[in-house]
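# Structure at a glance
Read off the chains here:
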There are 2 protein chains.
Amino acid sequence: MTAPGRKPVARATLDPAPDATLRRFSGYLIKRAESVVRSDVNAALAPLGLRMFSFSALAVIVDTPGLRQAHLADALAVERPNIVAVLDDLQSRGLVSRERAPDDKRAYALEATTAGHELYRMALAAVTEHEERITKGLSEKDRQALIRALSVLVETGLAETGPRARGEEDEDEDEDEDD
Amino acid sequence: MTAPGRKPVARATLDPAPDATLRRFSGYLIKRAESVVRSDVNAALAPLGLRMFSFSALAVIVDTPGLRQAHLADALAVERPNIVAVLDDLQSRGLVSRERAPDDKRAYALEATTAGHELYRMALAAVTEHEERITKGLSEKDRQALIRALSVLVETGLAETGPRARGEEDEDEDEDEDD
DNA sequence: GCGCATTAGATATGACTTATATCGAAATTC
DNA sequence: GAATTTCGATATAAGTCATATCTAATGCGC
């Protein structure tokens, strides 16, 4: 028999996988899946000059015209400073407008421009293709079940992570938090 | 004093969620879920001086005694340089040993020490609790379905994005995996 | 045995993601 | 009208990962 050249891994048959224990945890698989998702979606969006995060921001702005940056940050579950650079980019490319809110001159009312809507349409198509690509091993039913399960998990996480009250006393405020 | 609080956006009633469109993509939810997972598991492991990644490395080493660093990197789907610092840490704390492989003096045979096994047992318990915590909104059946769906997605991604797995069997080509 | 290409691990570096702390300006409260 | 809070911006830093390159050791062919 031909002696095995270098690594007779044969893991497909003998060894289930070195990370078999880890694969019994959804958390581990979520992390692995996130890596797959990120690289694929970023590749899909790169031709459009977008990334996963800037696409997400654009999507929320398109769907919620006039929202403020803080709301956008809340929607995407990130801190406020994280969206500034993204909006700088989107705005400088003429995709979104930041107009001072009439009722609150500190705030910006965010809106997608015509070009923004245009790019968004293309990006949405690219992301839809990406979604089909990464979930092509799943039936539509399984994909929906996956989405439902992840939604529950995310909502549970949001509720759990708890109010990080930095004030102290007094009333309670609801806040989301993350990582 | 006015009860409700701050901004009468009224979006809670009108708009289900600003990211409703995004939530129809598993990719988006996976990213959001990953954030929940990471913060929770890291908090759970912090008392033990571990993170998600070092725990994963320890788990693979415990389950696959004698494996080399490159195999570990493959198992965790990361590049080789990324595990060096982790192993430096685990080794300096006496949790894993790096012994030169007898048949290949360039390579290290990784093994968990007694202390490593000990810590691993505790970490595994902590991670199991973490898993129960983040999936407590799901039935065990749904959790298993989630794991299965994610496994399919990850495997699809591995096959697609790039044969990083040199564990397959025979040759492998190089690609990128990005991220 | 002597080169040559390859492989294992280490180092250096950089991209990307995301959080905390703080500031100025505007808004709100008293 | 001063104090406090909120909005967005800036600065900084931590954490996650990849690529390129270096060193030793291996394997192969001559």
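Residues numbered from 1 in each chain as written. Chains lettered and ligands numbered in written order. Predicted model: local features only at pLDDT ≥ 70, side-chain atom pairs only at ≥ 80, totals over all residues. Heavy atoms only, no water.

### Considering the overall build of chain A
In terms of regular secondary structure, chain A is built from 6 helices and 2 strands. Starting at the N terminus and ending at the C terminus, chain A contains elements arranged as α-α-α-α-β-β-α-α. Taken across its 179 residues, chain A has 47% of its residues classed as buried. Of the contacts made within chain A by residues no fewer than 6 positions apart, 48% connect residues no fewer than 24 positions apart. Surface accessibility of chain A: about 9700 Å² in total, with carbon and sulfur atoms responsible for 52%. (Helix = DSSP H or I, 4+ residues; strand = E, 2+ residues; numbered from the N terminus. Buried < 20%, exposed > 50% of the residue type's maximum accessible area, 1.4 Å probe, protein only. Contact = heavy atoms within 4.5 Å. Areas by Shrake-Rupley, 256 points an atom, 1.4 Å probe, with all protein chains shown as cover.)

### Observations concerning the relation of the copies chain A and chain B
Superposing chain A onto chain B requires a rotation of 180 degrees together with a translation of 0.0 Å along the rotation axis, leaving an RMSD of 0.1 Å. Interpreted geometrically, this transformation is the action of a two-fold axis. Taken as a fraction of all interface residues of chain A, those also at the interface in chain B reach 97%, which identifies the copy contact as same-surface. (Least-squares fit on C-alpha atoms with pLDDT ≥ 70 in both.)

### What about the packing of helix H3 (residues 52–63) of chain B against helix H6 (residues 114–134) of chain B?
The axes of two packed helices give the description: the angle between them and the distance between them. Residues and elements named next belong to chain B. The geometry of H3 relative to H6 is characterised by a closest axis approach of 10 Å and an angle of 120 degrees between their N-to-C directions. As judged from the angle between their axes, H3 and H6 are oblique. For the pair H3 and H6, the sense of crossing is left-handed. On H6, the residues that touch Phe55, Leu58, Ala59, Val62 and Asp63 of H3 are Gly116, His117, Tyr120, Ala123, Leu124 and Val127. Considered class by class, the residues forming the contact of H3 with H6 number 8 nonpolar, 2 polar and 1 charged. (Axes fitted to C-alpha atoms, helices over the stretch in contact; angles between N-to-C directions. Parallel < 35°, antiparallel > 145°, perpendicular 65-115°, else oblique. Left-handed = near helix turned anticlockwise from the far one by under 90°. Nonpolar A, V, L, I, M, F, W, Y, C, P; charged D, E, K, R; others polar.)

### Points about the environment of Ser54 of chain A
Residues and elements named next belong to chain A. Checked against the element boundaries, Ser54 lands in helix H2 (residues 52–63). The spacing of Ser54 and Leu87 is 33 residues in sequence and 8.0 Å in space, taken between C-alpha atoms. The contact partners of Ser54, leaving out residues within four places of it in the chain, are Val86 and Leu90.

### Quick word on the environment of Arg133 of chain A
Its location among the elements puts Arg133 of chain A in helix H5 (residues 114–134). Judged by relative accessible area, which is 28%, Arg133 of chain A ranks as partly exposed.

### Focus on the interface of chain A and chain B
On the chain B side, the residues contacting the 65 residues of chain A number 70 residues. At the surface where chain A touches chain B, the tally comes to 2 salt bridges. One salt bridge connects Arg23 of chain B with Glu155 of chain A, and the closest N-O pair in it is separated by 3.1 Å. Here chain A and chain B share 12 residue pairs in polar contact (both at pLDDT 80 or more) between them. When the residues that make up the side of chain A that touches chain B are grouped by side-chain class, the tally is 31 nonpolar, 14 polar and 20 charged. (Salt bridge = Lys/Arg side-chain N within 4 Å of Asp/Glu carboxyl O. Polar contact = N/O pair within 3.5 Å; in protein donor to acceptor, adjacent residues only side chain to side chain.)

### Some thoughts on the side chain of Ser56 of chain A
Structurally, the position occupied by Ser56 of chain A is in helix H2. Residues contacting Ser56 of chain A, with those up to four places away along its chain left out, are Leu76 of chain A together with Leu22 and Tyr28 of chain B.

### A word on the packing of H2 of chain A against helix H4 (residues 81–92) of chain A
Residue and element names in this part refer to chain A. H4 packs onto H2 with a crossing angle of 80 degrees between their chain directions and a minimal axis gap of 10 Å. Between H2 and H4, the crossing angle belongs to the class labelled roughly perpendicular. Counted together, Phe53, Ser54, Ala57, Leu58 and Ile61 of H2 and Asn82, Ile83, Val86, Leu87 and Leu90 of H4 form the full contact between these two elements. Along the lines of polarity and charge, the residues of the contact of H2 with H4 split into 8 nonpolar, 2 polar and no charged.

### A few points about the pairing of strand E1 (residues 96–101) of chain B
Residues in a regular strand project their side chains so that they alternate between the two faces of the sheet. Relative to strand E2 (residues 104–112) of chain B, E1 of chain B runs antiparallel, the two being bridged by 6 bridges. The residue of E2 of chain B that forms the bridge with Ser97 of chain B is Glu111 of chain B. (Pairing = 2+ DSSP bridges.)

### Side note on the pattern of salt bridges
Applying the stated rule across the entire model yields 26 salt bridges over all chains. The partner of Asp40 of chain A in a salt bridge is Arg133 of chain A, and the shortest N-O contact between them spans 2.9 Å. Here Arg133 of chain A lies in helix H5 and Asp40 of chain A lies in helix H1 (residues 26–45), a separation of 93 residues in the sequence. One salt bridge in this structure joins Arg106 of chain A and Asp104 of chain A, with 3.0 Å as the shortest N-O distance. Put simply, Asp19, Arg23 and Arg32 of chain A together with Glu155 of chain B are held in one network by salt bridges that share partners.

### Digging into a positive patch on the surface
Where like charges cluster on the molecular surface, the positive patch consists of Lys141 and Arg148 of chain A together with Lys141 and Arg148 of chain B. Going through the elements one at a time, helix H6 (140–160) of chain A together with helix H7 (140–161) of chain B are the ones with two or more residues in the positive patch. Its location among the elements puts Arg148 of chain A in helix H6. (Patch = residues over 30% accessible without salt bridge, like charges linked within 9 Å, V, L, I, M, F, W, Y side chains within 5 Å. Lys, Arg positive; Asp, Glu negative; His and termini not counted. Charge placed at Lys NZ, Arg CZ, Asp CG, Glu CD.)

### A word on H1 of chain A
Its 20 residues place the ends of H1 of chain A 27 Å apart at the C-alpha level, agreeing with the 28 Å of an ideal helix rising 1.5 Å per residue. Counted residue by residue, H1 of chain A has 17 buried out of 20 residues, so it is predominantly covered. (Expected span 1.5 Å × (residues − 1).)

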